[in-house]
Amino acid sequence: MKYWRIPFDVDEIQTSRGSVTIIEERCKGCGYCIAYCPRDVLELSDRYNAKGYRPPAVKKPEACVNCHYCEIICPDFAIFSEELPPDAME
Amino acid sequence: MEKSKKKAAHPLDNLLRTDRIPHIWCAGCGIGTVFSSSLIALQGSGIDLKKTVMVSGIGCSGRAAGYVKLDSYHTTHGRAIPFATGMKLANPELNVVVFSGDGDLFAIGGNHFIHAARRNVDLTVICVNNLNYGMTGGQAAATTPSMAKTTTTPMGNPEQPFSLPLLAFASGASYVARWTILHTRDLTKSIEEALLRKGFSFIEVLAPCPTGYGRRNREAPLETLRLYQERTITRNGAHPTEATLDINKGITVGKFFEQDRPTCVEMYDRTCRPSFSQESA
């Protein structure tokens, strides 16, 4: 994680982990989740869904901190994140 | 790929009529985000959803009532607030949410809005403001900014738009806020607050309309969000007269006003049937 100042207790803080699920058939390819993901987890995939839109794909699954911003900004109810146990990725 | 194969359930699916999803809103339309914020707020506020009603008028935003798995009413054009007022008077226990667009609430339904605010009917009004009449093809509306291009104003809009927070404040609304779809967390918190309080609460939400407004004013959906990010100034408690909505001067967002005053039903009971209000008290 990038810090502008390293916090003193950085070793003790546990960041939450998340896993993103994309419901591709609902996606309309607006790209809001890709542009506004604070950890840059998503990218545009090269596939097309049944309606001809390009849904996002998970680029860096380990970077997700389960902030739910993609879930809340998605206008199409097509993406959500779920909390993973803290040591799931290690 | 494995993830998309397994039947995924969105956390809001229990509040959605999922057989109707995907909805009709265009790619990049902000109504979906406002709608999902409202659903998160409904879920998070802890109010009894069996006693919650969503009322919509006509227009793109008016479709919301058809997608929510609550008791919901898709009413005639401009008349969402009269339907909601009637419902609240007939059964004061209900939590009534009005979810509609700027054209429905402020053009054809403008009078209903100001009088419901004056009476302080206990409603939560969420107005999706996309700055034009989106569903009919992007005509100039009462909220279209000056000099903006629409199908009916190809040389720029010569008129001045309404300032919706100021209108709501001047009419007597007891809670006035404005957010954009980029401020989703503040918006959700604001809707929650409005649901839990008594009195007429008004929340304006700016949303992009890429097909109607954005196409003619050279704003791609992500470009509109970038403008929201760069040009908005959060000023909680600012007086509604200072709430500007101008791309060049800045867009003021925030919770502008909150003041408790007796609601329509309370005043009626106190004045017209004092014995009833004493019995129930």
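Here is a short report on the structure shown in this document. Computed from a prediction, not measured in an experiment: that's the story for all the values here.

### A short note on the overall build of chain A
Then, number 1: Along the backbone of chain A there are 2 helices and 4 strands.
Then, number 2: What you see in chain A, going N to C, is helices and strands ordered as β-α-β-β-α-β.
Then, number 3: By its C-alpha atoms, chain A is 50 × 25 × 20 Å across when sized along the principal axes.
Then, number 4: Expressed as a percentage of the 90 residues in chain A, the buried residues total 46%.
Then, number 5: Sequence-distant contacts, at least 24 apart, represent 60% of the contacts inside chain A between residues at least 6 apart.
Then, number 6: Across chain A, 11 positive and 15 negative side-chain charges occur, with their mean positions spaced 8 Å apart.

### Focus: the side chain of T153 of chain B
All names here are of chain B.
Then, number 1: Mapped onto the elements of the fold, T153 is located in the loop between β4 (123-129) and α7 (164-171).
Then, number 2: Residue T153 is classed as buried on the basis of its relative accessible area of 10%.
Then, number 3: Side-chain polar atoms of T153 contact the backbone oxygen of A148, separated by 3.3 Å.
Then, number 4: Those residues in contact with T153, other than ones at most four positions away along the chain, are A140, A148 and P158.

### Comments concerning the packing of aromatic side chains
Then, number 1: Evaluated as defined, the whole model comprises 9 aromatic pairs over all chains.
Then, number 2: Taken together, a centroid distance of 5.6 Å and an interplanar angle of 70 degrees make the contact between F106 of chain B and F202 of chain B edge-to-face. With a gap of 96 residues between them, F106 of chain B in helix α5 (residues 102-108) and F202 of chain B in strand β6 (residues 201-206) connect regions that are remote in the sequence. There is no split in this pair, since F106 of chain B and F202 of chain B are both buried.
Then, number 3: Pairing F113 of chain B with F202 of chain B gives two aromatic rings, centres 5.1 Å apart and planes at 75 degrees, and the pair type is edge-to-face. Note that F113 of chain B is positioned in helix α6 (residues 110-119) and F202 of chain B in strand β6, a separation of 89 residues in sequence.
Then, number 4: The ring centre of W4 of chain A lies 5.8 Å from the NZ or CZ of R5 of chain A, which sits over that ring.

### Let's talk about the pattern of salt bridges
Then, number 1: Counted by the stated rule, this structure contains 16 salt bridges over all chains.
Then, number 2: Across the salt bridge formed by R47 of chain A and E24 of chain A, the nearest N and O atoms sit 2.5 Å from each other. One end of the pair, R47 of chain A, is in the loop between β2 (42-44) and β3 (56-58); the other, E24 of chain A, is in the loop between β1 (17-22) and α1 (32-36), with 23 residues separating them in the sequence.
Then, number 3: Between D269 of chain B and R273 of chain B there is a salt bridge, and its shortest N-O distance comes to 2.7 Å.
Then, number 4: Note on R273 of chain B: relative accessible area 35%, which makes it partly exposed.
Then, number 5: Several salt bridges converge on common partners, so that one network encompasses E193, R197, K255, E258 and D260 of chain B.

Rules behind the numbers
Residues numbered from 1 in each chain as written. Chains lettered and ligands numbered in written order. Predicted model: local features only at pLDDT ≥ 70, side-chain atom pairs only at ≥ 80, totals over all residues. Heavy atoms only, no water. Helix = DSSP H or I, 4+ residues; strand = E, 2+ residues; numbered from the N terminus. Buried < 20%, exposed > 50% of the residue type's maximum accessible area, 1.4 Å probe, protein only. Contact = heavy atoms within 4.5 Å. Lys, Arg positive; Asp, Glu negative; His and termini not counted. Charge placed at Lys NZ, Arg CZ, Asp CG, Glu CD. Polar contact = N/O pair within 3.5 Å; in protein donor to acceptor, adjacent residues only side chain to side chain. Phe/Tyr/Trp six-rings, centres within 6.5 Å; stacked < 30°, edge-to-face > 60°. Lys NZ or Arg CZ within 6 Å of the ring centre and 35° of its normal. Salt bridge = Lys/Arg side-chain N within 4 Å of Asp/Glu carboxyl O.

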